[in-house]
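Here's the letter readout for the chains.
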2 protein chains.
Amino acid sequence: MSHVSVAVTVDIVIFALRDNDLQVLLVKRKYPPYQGLWAIPGGYVQANESLEDAAARELREETGISVENPANGAAHPGATVPYIEQLYTFGDPGRDPRGRVITVAYFALVPAPLAIQAGSDASDAEWKPVRSLPRMAFDHAQIVRYALKRLRYKLEYSAVGFQLLPPVFTLSELQRAYETILGETLDKRNFRRRILQAQVIEETGQYQAGEGRPAMLYRFREDAVAEVKARRLFP
Amino acid sequence: MSHVSVAVTVDIVIFALRDNDLQVLLVKRKYPPYQGLWAIPGGYVQANESLEDAAARELREETGISVENPANGAAHPGATVPYIEQLYTFGDPGRDPRGRVITVAYFALVPAPLAIQAGSDASDAEWKPVRSLPRMAFDHAQIVRYALKRLRYKLEYSAVGFQLLPPVFTLSELQRAYETILGETLDKRNFRRRILQAQVIEETGQYQAGEGRPAMLYRFREDAVAEVKARRLFP
DNA sequence: TCAAAAGTGTTTGTGGTACACCCATGG
DNA sequence: CCATGGGTGTACCACAAACACTTTTGA
């Protein structure tokens with residue numbers, strides 16, 4: 001009847017768009033169990049930190065990206081704040097051969113330009129495309145699958161998609177991001193109309209030069225962060 | 001760096017429709033902390049049970065209602081299986097004055113006829129209307145609020161609502177259930193058209209006599225359990 | 001002047017919402 | 001025959017989906 005000893009970890013599925021692909025940050029395990037296999041970053045919850053703090057700490061340790069506490073107001077101008085959200089808690093006995101370990105899984109979205117440095121230096125962390133993930137330790141394959149499902153789902157009725165883009169972006173870049181994540185192509189005219197009607201982005205007045213005609217640069221509207229009320233908002 | 005000792009509990013928000021009202025099952029705490037205050041049922045996760053098993057056990061201990069394992073196929077005919085789903089994991093340090101306790105919260109829906117006996121006998125468990133909840137222990141008020149939000153939300157795009165009704169029911173009963181949970185009135189003709197179009201219920205061929213004209217009895221279609229694809233399905 | 005990407009409107013179908021009366025039964 | 005709750009249809013509007021060409025720039 002009394003309580004048994006269990007360890008609690010926080011694991012975090014970190015998504016980013018890189019090379020026109022949706023990728024996840026994985027770390028290679030140095031020690032048993034599952035030595036040499038890939039895993040999602042995570043670690044034990046410390047005595048005096050909340051679960052959210054633990055997840056933010058893991059994200060910082062693995063990517064160098066800090067999550068500003070929403071309580072402190074918005075980040076410095078131009079900084080896109082990474083998005084973190086609790087995903088699910090996995091606690092089957094036997095999911096960790098060392099004993100009873102329950103993990104609270106989070107998922108995070110980091111904006112494209114920040115993701116370029118993250119995990120690249122020295123360490124044993126690497127970005128892997130979700131299309132072709134390696135064999136993974138523990139039940140981490142299941143956790144990533146679930147995170148991907150949730151990401152796709154939220155894309156349809158909220159504005160999380162913007163969290164994967166740089167502070168300013170073109171509509172074509174935004175559409176490519178959506179197509180990459182959803183794994184399907186979208187109609188350009190319908191996409192643009194819906195996004196603009198939703199009033200979640202605004203023109204910067206700047207243009208981006210490129211191969212063809214220059215494209216208007218847009219930014220995400222801060223006051224549109226709140227999840228959108230009813231219906232699918234985006235394709 | 002190594003892991004600290006934390007206790008893990010499972011708490012469960014149990015909803016039922018009683019007296020034309022949405023109610024939650026609460027237990028009165030016999031010992032400190034928060035002695036005498038109301039709390040949602042819960043307890044420590046045991047060594048060899050999964051989180052789902054722990055939640056099902058709590059539900060059974062508090063209400064006497066067993067959750068059939070979906071792996072074992074459908075329940076015996078006529079038995080409406082209570083619905084259980086993981087809600088969120090709460091783990092702020094300081095949420096329990098005795099030490100670090102992380103709780104994995106679940107929410108459950110039990111069908112009306114079963115709810116009548118549950119918690120009524122002797123024990124310190126009582127059904128309380130969500131409209132007027134008493135002061136509650138720990139962060140349980142927050143947990144119930146969140147569960148209610150999730151329930152209302154899911155009602156709009158899935159078929160969970162049926163889990164609160166008896167195995168057969170009239171369309172008016174179903175509509176009243178929706179109205180009770182959502183806290184708003186719905187148009188009768190639109191409600192009926194949408195529910196019937198969705199093909200989640202079917203006629204039983206039986207009628208229920210009452211004050212006025214007898215009403216067709218319907219049952220929930222087993223093969224419609226899956227969550228529904230796009231759009232709001234129900235009012 | 002050509003390649004490459006940006007940008008732009010209209011039509012058609014479907015689903016949501018608003019709205020008021022007749023029907024079957026028991027007392 | 002009347003009170004009570006059960007049951008039904010239509011018109012309008014908003015939004016989703018399908019669909020192809022013109023514009024601007026750099027090479």
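Residues numbered from 1 in each chain as written. Chains lettered and ligands numbered in written order. Predicted model: local features only at pLDDT ≥ 70, side-chain atom pairs only at ≥ 80, totals over all residues. Heavy atoms only, no water.

**Quick look at helix H4 (residues 171-182) of chain B**
Residue and element names in this part refer to chain B. Compared with the 16 Å implied by 1.5 Å per residue over twelve residues, the 16 Å span of H4 between its first and last C-alpha is a close match. Turning to H4, its buried residues are Leu 171, Leu 174, Gln 175, Ala 177, Tyr 178, Glu 179, Ile 181 and Leu 182. Immediately downstream of H4, the backbone of Gly 183 shows phi near 75°, a positive value. (Helix = DSSP H or I, 4+ residues; strand = E, 2+ residues; numbered from the N terminus. Expected span 1.5 Å × (residues − 1). Buried < 20%, exposed > 50% of the residue type's maximum accessible area, 1.4 Å probe, protein only.)

**Considerations on the pairing of strand E10 (residues 215-220) of chain A**
All names here are of chain A. Relative to E10, strand E8 (residues 168-169) runs antiparallel, the two sharing two bridges. Along E10, the bridge assignment pairs Phe 169 with Tyr 218. Alignment of strand E9 (residues 201-208) against E10, held across five bridges, turns out to be antiparallel. Looking at the pairing, Glu 203 lines up with Tyr 218 of E10. Hairpin remark: E9 followed by E10, antiparallel, with six residues in the connecting loop. (Pairing = 2+ DSSP bridges.)

**Things to note about the protein's contact with DNA strand C**
The environment of DNA strand C is made up of 19 residues, and the closest members are A:Ser172, A:Lys188, A:Arg192, A:Met216 and B:Asn190. Of all DNA strand C atoms lying within 4 Å of any protein atom, the proportion belonging to sugar or phosphate reaches 41%. Interatomic distance of 3.4 Å between a side-chain N/O atom of B:Asp187 and a base nitrogen of DNA strand C. At the level of secondary structure, the elements contributing two or more residues to the surface near DNA strand C comprise helix H5 (188-197) and E10 of chain A together with helix H5 (188-197) of chain B. For the surface near DNA strand C, the per-class residue count stands at four nonpolar, three polar and twelve charged. (Near = heavy atom within 4 Å. Polar contact = N/O pair within 3.5 Å; in protein donor to acceptor, adjacent residues only side chain to side chain. Nonpolar A, V, L, I, M, F, W, Y, C, P; charged D, E, K, R; others polar.)

**With respect to the interface of chain A and chain B**
Counting from both sides, the interface comprises 30 residues of chain A and, opposite them, 31 residues of chain B. For the pair chain A and chain B, the two sides together bury roughly 2600 Å², of which 55% comes from carbon and sulfur. Only strand E1 (7-18), helix H1 (51-63), strand E5 (83-90), strand E6 (101-109) and helix H3 (140-157) of chain A provide two or more residues apiece to the side of chain A that touches chain B. By residue number, the principal contributor to the side of chain A that touches chain B is E5(A), which donates four residues. (Contact = heavy atoms within 4.5 Å. Buried area = accessible area lost by both parts, 1.4 Å probe.)

**What to know about the pairing of strand E7 (residues 125-129) of chain A**
Residues and elements named next belong to chain A. In terms of residue burial, E7 counts as a mostly covered element, since four of its five residues are buried. Bridging between strand E2 (residues 21-28) and E7 involves five bridges; their strand directions are antiparallel. Each bridged residue has a counterpart across the sheet, and for Val 24 the counterpart in E7 is Lys 128.

**Examining the domain arrangement of chain A**
All names here are of chain A. Under the domain assignment, chain A is made up of domain 1 (7-154) and domain 2 (160-224). At the junction of the two partners, domain 1 supplies 19 residues and domain 2 supplies twelve residues. Both faces combined, the contact of domain 1 with domain 2 buries some 1400 Å², and carbon together with sulfur accounts for 68% of it. Inspection of the region where domain 1 meets domain 2 yields zero salt bridges. Applying the counting criterion to the domain 1 and domain 2 interface returns two residue pairs in polar contact (both at pLDDT 80 or more). Looking at the side of domain 1 that touches domain 2, the elements with two or more residues in it are E1, E2, helix H2 (112-117) and H3. Class assignment for the residues of the side of domain 1 that touches domain 2 results in twelve nonpolar, three polar and four charged. (Domains from an automatic or database assignment. Salt bridge = Lys/Arg side-chain N within 4 Å of Asp/Glu carboxyl O.)

**Here we look at the pattern of salt bridges**
Residue and element names in this part refer to chain B. Counted under the stated rule, the structure contains 20 salt bridges over all chains. A salt bridge links Lys 154 to Glu 85, with the shortest nitrogen-to-oxygen separation between them at 2.7 Å. Separated by 69 residues along the polypeptide, Lys 154 in helix H3 (residues 140-157) and Glu 85 in strand E5 (residues 83-90) bring together distant segments of the chain. This pair shows no difference in class: Lys 154 is buried, exactly as Glu 85 is.

**Digging into the environment of B:Ala177**
Residues and elements named next belong to chain B. Structurally, Ala 177 is set in helix H4. When its relative accessible area of 5% is taken as the criterion, Ala 177 is described as buried. A sequence separation of 165 residues divides Ala 177 from Ile 12, and the C-alpha atoms of the two residues are 21 Å apart. Not counting residues within four places of it along the chain, the set of residues in contact with Ala 177 comprises Leu 17 and Leu 165.

**Topic: the relation of the copies chain A and chain B**
Once turned by 180° and shifted 0.1 Å along the axis, chain A lies on chain B with an RMSD of 0.1 Å. In the structure described here, the two chain copies are related by an operation that fits a two-fold rotation axis. (Least-squares fit on C-alpha atoms with pLDDT ≥ 70 in both.)

**Things to note about the protein's contact with DNA strand D**
The environment of DNA strand D is formed by 19 residues, the closest being A:Arg213, B:Lys188, B:Arg192, B:Gly212 and B:Arg213. For DNA strand D, the backbone portion of the atoms within 4 Å of the protein, that is sugar and phosphate, comes to 36%. Contact between DNA strand D and B:Arg193: a base oxygen at 3.1 Å from a side-chain N or O atom of the residue. The backbone of B:Met216 places a nitrogen or oxygen atom 2.8 Å from a phosphate oxygen of DNA strand D.

**Some points on the sheet that holds E9(A)**
Reading across the sheet, the three strands line up as E8-E10-E9 (chain A) and stay open at both edges, with antiparallel pairing between neighbours. Edge strands, defined here as strands with exactly one partner in the open sheet, are E8 and E9 of chain A.

**Describing the sheet that holds strand E10 (residues 215-220) of chain B**
Taking strand neighbours across the sheet as the criterion, the three strands line up as E8-E10-E9 (chain B) in an open arrangement whose pairing is antiparallel. A strand with exactly one partner marks an edge of an open sheet, and here the two such strands are strand E8 (168-169) and strand E9 (201-208) of chain B.

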